[in-house]
Structure formats: C-alpha cells, structure tokens
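Here is how the chains run, residue by residue.
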Amino acid sequence: MSVSPLHHEYEKSRFDLYENGELAGYVQYSTGCHALSLRHTYIVPGHRGRGLAFLLIRRVLDEMRRRRVSIQPERPIVAEFLRTHRQYRDLLAAPGARNSHLHVVP
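Let me sum up the structure you'll find in this document. (Residues numbered from 1 in each chain as written. Predicted model: local features only at pLDDT ≥ 70, side-chain atom pairs only at ≥ 80, totals over all residues. Heavy atoms only, no water.)

**Quick notes on the sheet that holds strand β3 (residues 22-31)**
Then, number 1: Spatially, the five strands line up as an open sheet ordered β1-β2-β3-β4-β5, and their pairing is mixed. Whereas interior strands pair on both sides, the edge strands pair on one side only; in this sheet they are β1 (7-9) and β5 (71-73). Looking at each pair of strands side by side, their axes are set apart by 30 degrees on average, direction ignored.
Then, number 2: In terms of strand pairing, β1 meets strand β2 (residues 14-19) through three bridges, oriented antiparallel. Across the sheet, residue glutamate 9 finds its bridge partner in β2, namely arginine 14.
Then, number 3: On the sheet, helix α1 (residues 52-67) packs against β1, β2, β3, β4 (36-43) and β5 and is oriented at approximately 135 degrees with respect to β2.
Then, number 4: Here helix α2 (residues 76-84) sits on the sheet in contact with β4 and β5, set at roughly 115 degrees to β5. (Pairing = 2+ DSSP bridges. Helix = DSSP H or I, 4+ residues; strand = E, 2+ residues; numbered from the N terminus. Axes fitted to C-alpha atoms, helices over the stretch in contact; angles between N-to-C directions. Contact = heavy atoms within 4.5 Å.)

**Description of the environment of tyrosine 10**
Then, number 1: Here tyrosine 10 shows up in the loop between β1 and β2.
Then, number 2: Separated by 19 residues in the primary sequence, tyrosine 10 and tyrosine 29 place their C-alpha atoms 9.9 Å from one another.

Written out as structure tokens, the structure is:
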C-alpha cells in the first residue's frame, strides 16, 4: 500500500487521500467564524477496511494543528477518532471561541 501525502482540494473544500495513485477518500469541510467543520468523511469502497479513514482524519488534524486552526467534528467517525486519540482534543473549538487563523488556503 502506497498512500500519498494529504492533498488539499481547495476549490472543493476537502482534503483528499490517494492510495497507489487512486483517490482513496476525502474529508470535506466548511469554514465558519469559530472553527473548521469536518462535515463529511468518505472512503472509496475498494479502499475500505484497511484503516484509511483514521489515517485520513489523523492527517487532516495534523494539518489543522500545523495551521493553528480549531476544528468542529460533525461526523461520528471523527468524534470516535477524538475519543481514542486524546492528543488531538486540543484542536476542538471552544463554544463561542473566535478563530483568528481560520483561512484554509491551498
């Protein structure tokens, strides 16, 4: 299995993950004044069952940490990831907080 680095599809508001040159999955997001909302996580059927969803989520969260952007999980799988990976909980947006670094540029 050869998994590419995270690819930002800015025009589609999503982060893509490729495996062996094929789109394996993506996390779609929306931006608001408080946080980046992780709205949809999708793994292509032929790539399921090998842990790519958690790998994709981990890479997105690592990128948000690098950019100093808070997140708001809207999918159960992202919430589950955060329950089992405490080291990412600091990325959760506080209710009512303002995020001055929210621009998610390519």
